[in-house]
Amino acid sequence: MAGLKKRNNTWFASYYVAGKQQVKTTGIPIVPSVIPPGKTKAAIMKQNEASARLVAQELEKAALGQRVDASTIKGIIGEKKTRTLLKGKRYMQGVREYLTEWMQTRQPGTLKNDRVAVRRFLLLLGNSQDIPLDMVTSDHARRFMENELERVSSGTAKNLTDCLRAAFNRAVEAQVIENNPFRNVTPGKINRADKQERRAFTMEEVRRLTEILPGEWPDMIRVCLYTGGQRLGDIATLRWEQVNLKGGLIAMTTEKTKRRMNKPILAPLKDVLEGRLKNQVSEYIFPLAAMRYAQAGNRVSKLSIEFNNLLKQHGFIESKKETKAGARRNMAELSFHSLRATAVTALRLAGVPADLCRVIVGHDSEEIERVYFRPDSEAIEEAMKHLAL
């Protein structure tokens, strides 16, 4: 067991490793330089000796390769001196300290989710927020995911879990810890039963939208459909340099999947583009949408809200006031993303093979393409007529 030695008014830890005596400073003075009000010199000296003994025990553990309670040493001599005493891997940050530092390295686009994930995880740990980082286990990770599934949708729970996986993965890469407790923790298919599904716009609804919506929206809808149901962010940030009217192609790289596609410019799409080219004011095909996208930090949030409000204004969706458990929010029945399902459904009902449909729309798998195939009741009834004998 570690003992103490006096040297130059400082307590030194004394312990044996492989039969050899080791002597290392604790950084704690024997005789205090300042006596706090209400305390005696003798009392402070006794307190310093007790603190030095605790530090000596932790230094002995570090020398023997055992788990070190860095928080104990930090509480006695402070952060800076602890880092000096416990160099390299022997210094183990507490969870709260590590995650706080990790957030400072994150990009603005991910910081919102990161903050929520860290706050919720520290809330789960409660009084154990300062445990050494390597004491976080997969059980902590699973409990975090399960708690979030009760509070938010499975998609949001996955996003928050992914944030923490990234945080602990950074610690693994830095060789601070050996394993990532969040590595295999993610909501499975059974957990995703809560996922709300938007329906597709009918072609009649799409025609009406292009007639009544203001500003750039009618042409954005047309370009979305004529390029196979591309996402709102990809439509809003389309640049003229991507368009080759003579060659009849639009070069697109999706923001979400980074998939590169060359879309043929069909006759109706060419009409839309030529009409906008006559009034070109910037490098963007839809300059106002591009500006709102940039204002939202290169996210579609502002545009999505604006489109959603227009759908409510014109009676396509209703404002629902009912709430769900925890922080879950009701998802509108229709959104701009519904046009993606409209494109898939129209192509499939027209007899386009599933494989070709995936290429046109830009889906990664047959399973995803099936999710977006949403025929309405009339289309189903018409198709089932072929079953009659």
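Let me begin by describing the structure that accompanies this report. (Residues numbered from 1 in each chain as written. Predicted model: local features only at pLDDT ≥ 70, side-chain atom pairs only at ≥ 80, totals over all residues. Heavy atoms only, no water.)

**Let's talk about the pairing of strand 6 (residues 260–264)**
- The side-chain alternation of strand 6 yields one buried face, formed by M261 and K263, and one unburied face, formed by R260, N262 and P264.
- A loop of six residues connects strand 5 (residues 249–253) with strand 6, the two strands running antiparallel in sequence, and K258 in this loop sits at a positive phi of about 65 degrees. (Buried < 20%, exposed > 50% of the residue type's maximum accessible area, 1.4 Å probe, protein only. Helix = DSSP H or I, 4+ residues; strand = E, 2+ residues; numbered from the N terminus. Pairing = 2+ DSSP bridges.)

**Comments concerning the pairing of strand 2 (residues 10–17)**
- Counting buried positions along strand 2 yields six of eight residues, so the element is predominantly enclosed.
- Relative to strand 2, strand 1 (residues 3–7) is paired through five bridges, and the arrangement is antiparallel. Pairing of K6 across the sheet is with W11, part of strand 2.
- Alignment of strand 2 against strand 3 (residues 20–29), held across eight bridges, turns out to be antiparallel. Considered in strand 3, the bridge of W11 is made with I28.

**So, the nonpolar core**
- Counting 36 residues, the largest nonpolar core has F201, W217 and F307 as the members making the most contacts within it.
- If you list the elements that add at least two residues to this core, you get helix 8 (203–212), helix 9 (217–226), helix 10 (232–236), strand 5, helix 11 (267–277), helix 12 (287–295), helix 13 (301–313) and helix 14 (338–349).
- Looking at which element gives the most residues to this core, the answer is helix 9, with six residues.
- Setting aside its immediate chain neighbours within four residues, W217 contacts L232, L303, E306, F307, L310 and F336.
- Counting 29 residues, the second-largest nonpolar core is a separate cluster that includes V95, Y98, V152 and L164. (Core = buried A, V, L, I, M, F, W, Y, C linked by side-chain atoms within 4.5 Å. Contact = heavy atoms within 4.5 Å.)

**Description of the sheet that holds strand 5**
- Read from one edge to the other, the open sheet built from three strands follows the order 4-5-6, with strand pairing classed as antiparallel. The sheet terminates laterally at strand 4 (243–244) and strand 6, the two strands that pair on one side only.

**Examining unusual backbone geometry**
- Backbone geometry at N8 places phi at a positive 50 degrees, although glycine is not the residue there.
- A positive phi angle, near 60 degrees, is found at N298, a position not held by glycine.
- Relative to the assigned elements, N298 resides in the loop between helix 12 and helix 13.
- Among the residues examined, N298 registers a relative accessible area of 52% and is labelled exposed.

**Notes on the sheet that holds strand 2**
- Spatial strand order, 1-2-3: three strands in an open sheet with antiparallel pairing. Here the strands that pair on one side only, and so sit at the sheet edges, are strand 1 and strand 3. Within this sheet the neighbouring strands show an average axis-to-axis angle of 35 degrees, counted without direction. (Axes fitted to C-alpha atoms, helices over the stretch in contact; angles between N-to-C directions.)

**A word on the packing of aromatic side chains**
- Counted under the stated rule, the structure contains nine aromatic pairs.
- Summarising the aromatic geometry, the rings of F121 and F144 are spaced 5.9 Å apart at their centres and angled 80 degrees between planes, so their arrangement reads as edge-to-face. On the criterion of sequence distance, the pair formed by F121 in helix 5 (residues 108–125) and F144 in helix 6 (residues 138–151) is long-range, its members being 23 residues apart.
- Among the residues examined, F144 registers a relative accessible area of 1% and is labelled buried.
- One aromatic cluster is present, built from ring pairs that chain together F121, F144, F168 and F182.
- Against the face of F12 rests R7, its NZ or CZ located 5.4 Å from the ring centre. (Phe/Tyr/Trp six-rings, centres within 6.5 Å; stacked < 30°, edge-to-face > 60°. Lys NZ or Arg CZ within 6 Å of the ring centre and 35° of its normal.)

**A short note on the layout of surface pockets**
- Estimates place the volume of the second largest pocket at around 300 Å³.
- Lining the second largest pocket are 15 residues; nearest its centre among them are M203, R222, L225, Y226 and A346.
- Broken down by secondary-structure element, the contributors of at least two residues to the lining of the second largest pocket are helix 8, helix 9 and helix 14.
- At four residues, the largest contribution of residues to the lining of the second largest pocket is made by helix 8.
- Among the residues making up the lining of the second largest pocket, the classes are represented as 10 nonpolar, three polar and two charged. (1 Å grid on protein atoms, 1.4 Å probe; cavity = no way out; pocket = protein on both sides within 12 Å on 5 of 7 lines; lining within 4 Å. Points joined across faces, edges and corners; volume = space filled by probe spheres on them. Nonpolar A, V, L, I, M, F, W, Y, C, P; charged D, E, K, R; others polar.)

**Some details on the pattern of salt bridges**
- All chains considered together, the criterion is met by 15 salt bridges.
- For E148, the salt bridge is made with R151, and the minimal N-O distance between the two is 2.7 Å. With E148 and R151 both in helix 6 and three residues apart, the pair spans about one turn of that helix. By the burial criterion, E148 is buried, and R151 matches it.
- Notably, a salt bridge pairs R276 with E216, separated by 3.7 Å at the nearest N-O pair. One end of the pair, R276, is in helix 11; the other, E216, is in the loop between helix 8 and helix 9, with 60 residues separating them in the sequence. The two residues R276 and E216 agree in class, both being buried. (Salt bridge = Lys/Arg side-chain N within 4 Å of Asp/Glu carboxyl O.)

**Some words on the packing of helix 9 against helix 11**
- One way to put it is that helix 9 packs onto helix 11 with a least axis distance of 10 Å and a crossing angle of 145 degrees. The interaxial crossing formed by helix 9 with helix 11 has left-handed handedness. Contact residues: helix 9 offers D219, R222, V223 and Y226, while helix 11 offers P268, L269, V272 and R276.
- A per-class count over the contact of helix 9 with helix 11 returns five nonpolar, no polar and three charged. (Left-handed = near helix turned anticlockwise from the far one by under 90°.)

**Some remarks on the environment of Y98**
- The residue Y98 is located in helix 4 (residues 95–103) in this model.
- What makes Y98 buried here is its relative accessible area of 5%.
- Each C-alpha atom, one on Y98 and one on D130, is 9.3 Å from the other, the two residues being 32 residues apart in sequence.
- Excluding its chain neighbours within four sequence positions, the residues that come into contact with Y98 are Q93, L133, A167, R170 and A171.

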